[in-house]
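# Overview (structure and organization)
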Amino acid sequence: MSDDNHTLPYPEPSREHPTLVIPDAAAPQPEKARRRPRWPWVVLIVVVVLAVLVVAAELIARAVLPGVVRSIVIEQLDLPADQQLDVETTGLLLPQLIGGRLDTLHLSTDAVTLEGITGAADVTATGVPLRGGDLGGADGTIRIDQEQFTALLATTDLPVDSVELDEPNATLGGSFDVLGTAVPVSITLTPGAVDGDLELTPVAASVGGIDIDLSRVGSSLGGLGEGLTEPRRVCIADQLPAGLTLTGLQISGDAAVIDVDVDGAIVTDEALQEKGTCPR
């Protein structure tokens, strides 16, 4: 018996009909891209905002504080409302304001009158309380001209009609009476300070327009001559606020520069703001 239905062979694989591969369900699948957390950006933004706020607060404090300090100083020292006064601070203000005390406060003015003496003042205070109380300490300088220096010596028994300042000395011009006749005298002195007093050390002198030998003038003019040639201490505490102590004095150019130490209680004790006293 013959087979009329021949079995056809399987077609050969070809490129036109590639073999399909069924994926295995157990095979690992590629993971989806993970999302990065956003919290670092949030923290960064918060830090930037806080930094901006701190800088703004610091700038505001620096703009406002000088005016506040100026008002307090003018009130405490009973100065004119239009008194020119420059105020400067150092360091970051916010921590100092929070702590209630300024590390350093610098005050300066071109002209201020304290107990009748007018001059330029420059004072640096430390440990300045913002809620009341005494200063930690302070010192500074007062710069006065020839006219004011003359007034400072007017109460002494020196023959002072005029004063000429020429660094490093001061030359006093005046006269003394000899048998009813006024004899002109000129004394050149080097000023300084000792124990809160002004010290005047003579370096040259002339009487009646004639230069004299300081080593011999004492014997020729007696007691008056000795007074003119020996170093003399002059108390000027009654010419300054009681809270200021003279620590130095020198002639700089045509001005006298007075170094002072300031009692920290001067801002709270009215007695220290009044004129001091000299022993009699």
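Before reading further, recall that the structure is shown in the block above.
Residues numbered from 1 in each chain as written. Predicted model: local features only at pLDDT ≥ 70, side-chain atom pairs only at ≥ 80, totals over all residues. Heavy atoms only, no water.

## Structural notes on the environment of Ala-81
Take Ala-81: it is sitting in the loop between α1 (39-76) and β1 (86-89). Counting along the chain gives 10 residues from Ala-81 to Ser-71, while the straight-line C-alpha distance between them is 8.3 Å. The contacts of Ala-81, once residues within four sequence positions are left out, are Arg-70 and Ile-74. (Helix = DSSP H or I, 4+ residues; strand = E, 2+ residues; numbered from the N terminus. Contact = heavy atoms within 4.5 Å.)

## Remarks on the pattern of salt bridges
Oppositely charged side chains are able to pair whenever their charged atoms sit close together. On inspection of all chains with the given rule, the structure shows two salt bridges. Two residues, Arg-233 and Asp-195, come together in a salt bridge whose shortest N-O distance is 3.8 Å. Of this pair, Arg-233 sits in strand β10 (residues 232-234) while Asp-195 is found in the loop between β7 (181-194) and β8 (197-207), placing the two residues 38 residues apart along the sequence. Note on Arg-233: relative accessible area 44%, which makes it partly exposed. Residue Asp-197 is joined to Arg-233 by a salt bridge in which the shortest nitrogen-to-oxygen separation is 3.3 Å. One end of the pair, Asp-197, is in strand β8; the other, Arg-233, is in strand β10, and 36 residues separate them in sequence. Exposure remark for Asp-197: the relative accessible area of 18% places this residue in the buried category. Through salt bridges with shared partners, a single ionic network connects Asp-195, Asp-197 and Arg-233. (Salt bridge = Lys/Arg side-chain N within 4 Å of Asp/Glu carboxyl O. Buried < 20%, exposed > 50% of the residue type's maximum accessible area, 1.4 Å probe, protein only.)

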